[in-house]
Amino acid sequence: MDKNEKHKIKAQKQKQKVDANVAKAQIERGIMLVITGKGKGKSTAGFGTVCRAVGHGYKAAVVQFIKGKWDCGERDLLEQHGVPFAVMGTGFTWETQNRETDIAAAENVWQQAKKFLADPDIHLVLLDEMTYMLGYDYLNKDEVLSAIANRPENQSVVVTGRGAITELKDMADTVSEIKDVKHAFREGIKARKGVDW
Ligand code: ATP
Ligand code: MG
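Below: a short report on this structure. Every value quoted in this text rests on a predicted model; they were computed, and no experiment measured them. (Residues numbered from 1 in each chain as written. Chains lettered and ligands numbered in written order. Predicted model: local features only at pLDDT ≥ 70, side-chain atom pairs only at ≥ 80, totals over all residues. Heavy atoms only, no water.)

**Regarding the site of ligand 1**
What counts here: We call a residue near a given molecule or strand whenever any one of its heavy atoms falls within 4 Å of it. Under the rule applied, a polar contact is a pair of N or O atoms within 3.5 Å (in protein, one hydrogen donor and one hydrogen acceptor; residues adjacent in sequence only if both atoms are side-chain atoms). Computed by Shrake-Rupley with a 1.4 Å probe, the accessible areas treat only the displayed protein chains as cover when residues are assessed. Polar here means any residue outside two lists: the nonpolar Ala, Val, Leu, Ile, Met, Phe, Trp, Tyr, Cys and Pro, and the charged Asp, Glu, Lys and Arg; Gly therefore counts as polar.
Lining the immediate surroundings of ligand 1 are 14 residues, of which Lys40, Gly41, Lys42, Thr44 and Asp196 lie closest. Lysine 38 is positioned with one of its backbone polar atoms (N or O) 3.0 Å from a nitrogen atom of ligand 1. Out of a free accessible area of 570 Å², ligand 1 has 86% covered by protein chains. Of the residues assigned to the shell around ligand 1, the class counts are no nonpolar, five polar and nine charged.

See below:
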């Protein structure tokens, strides 16, 4: 058997396996994704998913916890496409250095997040950097988890941020942990507009 024939047989077998797995997946509902870990790419993956939804003509909404002080390229683009943003806008905790105002800001933006999570017209909600709100106890864990669990059946939700608590990972359908192999910043390269924000 020559190389090309071998390749064809292998590919046919693989196709059978893939087709069988595709046929097995029959459930249609929105999913919960958690993108966590110390590597770069969590928020960009979340925003990439928002772009997919918007590209298909679906409604999507974004909630940015922690960040929002810098002008964010995704926000400028997506708002032009009708995507509402709720932004905590306080910056990192080591910048604000004020737990009380951080908590008030978190609760404020959470009220908007809850509205998105209750709206059946919204296909996808991105809760960017939400992991920290539970890690630091800024928001009530039970309230957040039940708002996510009770969202409309066809709505998907993406949660990003480092250190996702076990409960978040347990209730998610898909969990990806992005590993930090290396990062340009540690080589002294400045964060770049259009790449890092
Ligand atoms: P991105 O927004 O680029 O997808 P991220 O969401 O995975 O990154 P965050 O922890 O939210 O990462 O941090 C956001 C900013 O910090 C970005 O500018 C990103 O390049 C930078 N960053 C992310 N991971 C690392 C890392 N391991 N070391 C240094 N800087 C990082
Ligand atoms: Mg991020």
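Moving on from the model shown.
**Things to note about the environment of isoleucine 122**
Test applied: Helix and strand definitions follow DSSP, with helices as H or I runs of at least four residues and strands as E runs of at least two, each counted in order from the N terminus. Three exposure classes are used, based on accessible area relative to the maximum for each residue type with a 1.4 Å probe and protein chains only: buried under 20%, partly exposed in between, and exposed over 50%. Contacts are residue-level and defined by heavy atoms, with any inter-residue pair within 4.5 Å sufficient.
Relative to the assigned elements, isoleucine 122 resides in strand β4 (residues 122-128). Of the residues examined, isoleucine 122 reaches a relative accessible area of 4% and is grouped as buried. Residues isoleucine 122 and aspartate 170, 48 residues apart in the sequence, show an inter-C-alpha distance of 24 Å. Those residues in contact with isoleucine 122 that sit more than four places away from it in its chain are Lys59, Ala60, Ala61, Phe116 and Gln155.

**So, helix α2 (residues 42-55)**
How we decide: By definition here, a helix of n residues has an expected span of 1.5 Å times n minus one. Arc definition: it is the arc formed by the directions from the helix axis to the C-beta atoms.
The first and last C-alpha atoms of α2 sit 20 Å apart over 14 residues, in line with the 20 Å expected at 1.5 Å per residue. Taken as a whole, α2 has its buried residues at Lys42, Ser43, Gly46, Phe47, Val50, Ala53 and Val54. Projected onto a plane normal to the axis of α2, the buried residues spread over an arc of 125° and lie on a single side. Turned more than 90 degrees from where α2 packs its buried face, Arg52 and Gly55 sit exposed.

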